[in-house]
Amino acid sequence: MLMRPWLSRWSWSFLARGTTPRRTRRRVINPVAARVQMLEPRVLLTASPVGSEFQVNTFTTGEQRTLAESPQSVAMDADGDFVVTWSGYGQDGDGYGIFAQRYNAAGVAQGSEFQVNTYTAGWQRYSTVAMDADGDFVVTWSSSGQDATSTYGIYAQRYNAAGVAQGSEFRVNSYTTSHQRYSTVAMDADGDFVVTWSSSGYDATSSYGIYAQRYNAAGAAQGSEFQVNTYTTSDQGFSTVAMDADGDFVVAWSSYTQDGSFYGIYAQRYNAAGVAQGSEFRVNTYTTNGQRYSTVAMDADGDFVVTWSSYVQDISVHGIYAQRYNAAGVAQGSEFRVNTYTNNQQRYSAVAMDDNGDFIVTWSSLGQDGNLEGIYAQRYNAAAVAQGSEFRVNTYTTNNQFYSTVAMDNDGNFVVTWSSFGQDGSSDGVYAQRFGSNLPNLPPVINNQTFAVAENRPIGHVVGTVVATDPDPGQSLTYAITAGNTGNVFAINANTGQITVASPTLNFEGVNPYNLTVQVTDNGAPTSSSSATVTVNITNLNEAPTFLAPTTFTISENRPVGQFVGDVNTSDPEGNTVTYSIIGGDPNAQFAINATTGVITVAKATINFETTPQFLLSVKAQDNGSPANSRTQTITVNIANLNEAPAFLTPTTFTISENRPVGQFVGDVNTSDPEGNTVTYSIVGG
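In this text, all values refer to a predicted model and were calculated from it rather than measured experimentally.

Caption draft 1: Fine view of the packing of aromatic side chains. Per the counting criterion, the structure on display carries 29 aromatic pairs. Aromatic side chains tyrosine 126 and tyrosine 152 sit 6.4 Å apart centroid to centroid with 50° between the ring planes, which places their arrangement in the tilted category. Pair noted here: tyrosine 126 is in strand 7 (residues 124-131) and tyrosine 152 is in strand 9 (residues 152-159), with a separation of 26 residues, a long-range link. Residue classification places tyrosine 126 among the buried positions, given a relative accessible area of 6%. Seen from their ring centres, tyrosine 348 and tyrosine 403 are 5.3 Å apart, and the 65° between their planes marks the pair as edge-to-face.

Caption draft 2: Quick peek at a nonpolar patch on the surface. A cluster of nonpolar side chains, namely Phe648, Phe654, Ile656, Val666, Val669 and Tyr681, defines an oily patch on the protein surface of about 560 Å² accessible area. Positionally, phenylalanine 648 belongs in strand 48 (residues 647-649).

Caption draft 3: Just the pattern of salt bridges, in detail. A full pass over the atoms with the stated rule returns three salt bridges. Its salt-bridge partner being glutamate 63, residue arginine 65 comes within 3.5 Å of it at the nearest N-O pair. Each member of the pair, arginine 65 together with glutamate 63, is buried. Across the salt bridge formed by arginine 65 and aspartate 428, the nearest N and O atoms sit 3.8 Å from each other. Placement of arginine 65 in strand 2 (residues 64-65) and of aspartate 428 in strand 29 (residues 428-436) is noted, with a sequence separation of 363 residues between them. Residues joined in a network through salt bridges with shared partners are Glu63, Arg65 and Asp428.

Caption draft 4: Spotlight on the sheet that holds strand 40 (residues 552-556). One open sheet holds the four strands; their spatial order is 40-47-46-43, and the pairing between them is mixed. The outermost strands of the open sheet, each flanked by one partner alone, are strand 40 and strand 43 (578-584). Strand after strand, the sheet turns through a mean of 30° between neighbouring axes, direction not considered. Direction of pairing for strand 40 relative to strand 47 (residues 630-640): parallel, over a ladder of five bridges. What sits directly across from phenylalanine 553, in strand 47, is valine 637.

Basis of the calculations
Residues numbered from 1 in each chain as written. Predicted model: local features only at pLDDT ≥ 70, side-chain atom pairs only at ≥ 80, totals over all residues. Heavy atoms only, no water. Phe/Tyr/Trp six-rings, centres within 6.5 Å; stacked < 30°, edge-to-face > 60°. Helix = DSSP H or I, 4+ residues; strand = E, 2+ residues; numbered from the N terminus. Buried < 20%, exposed > 50% of the residue type's maximum accessible area, 1.4 Å probe, protein only. Patch = residues over 30% accessible without salt bridge, like charges linked within 9 Å, V, L, I, M, F, W, Y side chains within 5 Å. Areas by Shrake-Rupley, 256 points an atom, 1.4 Å probe, with all protein chains shown as cover. Salt bridge = Lys/Arg side-chain N within 4 Å of Asp/Glu carboxyl O. Pairing = 2+ DSSP bridges. Axes fitted to C-alpha atoms, helices over the stretch in contact; angles between N-to-C directions.

In short, geometric facts, not functional conclusions.
In structure tokens:
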């Protein structure tokens, strides 16, 4: 939210303070002619985080936190210097105290955190802060028991731009009966400021009412405290205030039952002299259930925006809504929902606005970051056109991150603060993240990465997912392999960066490693890309030996034992030792194989062409890898026929009587020829 207005770029004279009027001109708006004021519809560049989120509080014992009741606990000057305040428990010796830390525009802490409150008895909490164009600032808070006659009173302390206290802390409220608490403060370009708060019992007809007190840049009260709300029935509380460069200001608050249904948001405009401009007016259009916890921000010329939490308007518990107004208090368009994510609840908004009317809204969202509450934001240009998508502010997501506040400089650079539970090691701590609104679209961040995949993996096998980030919130990334993908063996999912096998030709003994160039591109305007080398190492698998030719051999039948048949050869991809065995195709074990050399020999001299003209031996080749792997090959052994002599058949003995005549039959000699050849006979002896 805007805790201070900003210098007008066109009309401010950077002269010594107090020597000239603050501004050389003031914009005058005819409230009738300017019912719809045309604001500059410029397109903003991407809001990019500047550095990482950082811890604000140094003292971490107990609780240091921002609070929902004080949504203005960070303020920024025209150049981006800023100050953060919070409530710390136990640090000042008695309950809660108010602490602060200053930073320059580069986010470098200026000095140490310091205690704001001088009076430490009881509780001092609900701090708010506002800063002028040069960095002078004022902190306000609620202090219990300090003004003696009431439970809480409103106190303040002024500081110059160097963080040196200007005078002592002082009580803001004049009326001290009952409660005065939940202050807010806004400051103009020169350091004039106004403080608002909720006061109990003052207006007699309600529990709480809204009151204010104006001060000049020297801290002198301008007139008396005054009541802001006109409608006094029931409660009017939780005020917020914003001021333009000239000191015109607007106060917004929550009013109970005024709009007919629980709480509604109301506002009242004032000029720099503290004169009410028109009547108080209702901000919310939708009135069902409750609208409360408003915040308000104003640009240099007095245009302003009010945000609030609305119950079940977006169907799901609370949602964040907003309404813009021009400097004449005329609504610009209709109220609109800020949050895109609507599950669970989005509440406790804060808003800040730059010189030109561009603004940023932050809020707490339950469950959106995966772990209880987180801080989200949405940027708008001066025409209330959303710039990009809503984005998460906090990086650390464990437990709760809530109660955000935001401040913005003249150029739209901003800082968000919040309370984070457990992150600093002890209950709540205060954290912040800076953003550069006018920075160029930063390129994605991708580092060299290495994956490993085993050879021979099937198509679609997942190798790994490339990790890349984009420093610009809300942007998406696409991935592509632009070089090194020899044979197109890999594919990458353009949306997720997951690399998979695209070809079944991965081989440890082939290309290894693959050095892929992966390019990641964001969807900024214009787009921005980065590349890195993704190394894919192919890991070795123990592959089975491969049989080499020849695998067919021929021998003649009737070979003797030990006769060479053939030499079985293999190639092992890993160079492992291979052993051989015959595991089939030789039921009578007529062949043997040398387990080491693979040489096949005759094992029995019974090989006969006429019995088995061909043997189909199953030979197993097994390596000694870990684990061992093997392959089986059919080795064909053809048996060559030999011309074998005829075999004489029985009988081979005959008997005849003596003195038989020529031609007498003696006997029939019979033979069998293995090849079936024709046999001729002759007596060659005896």
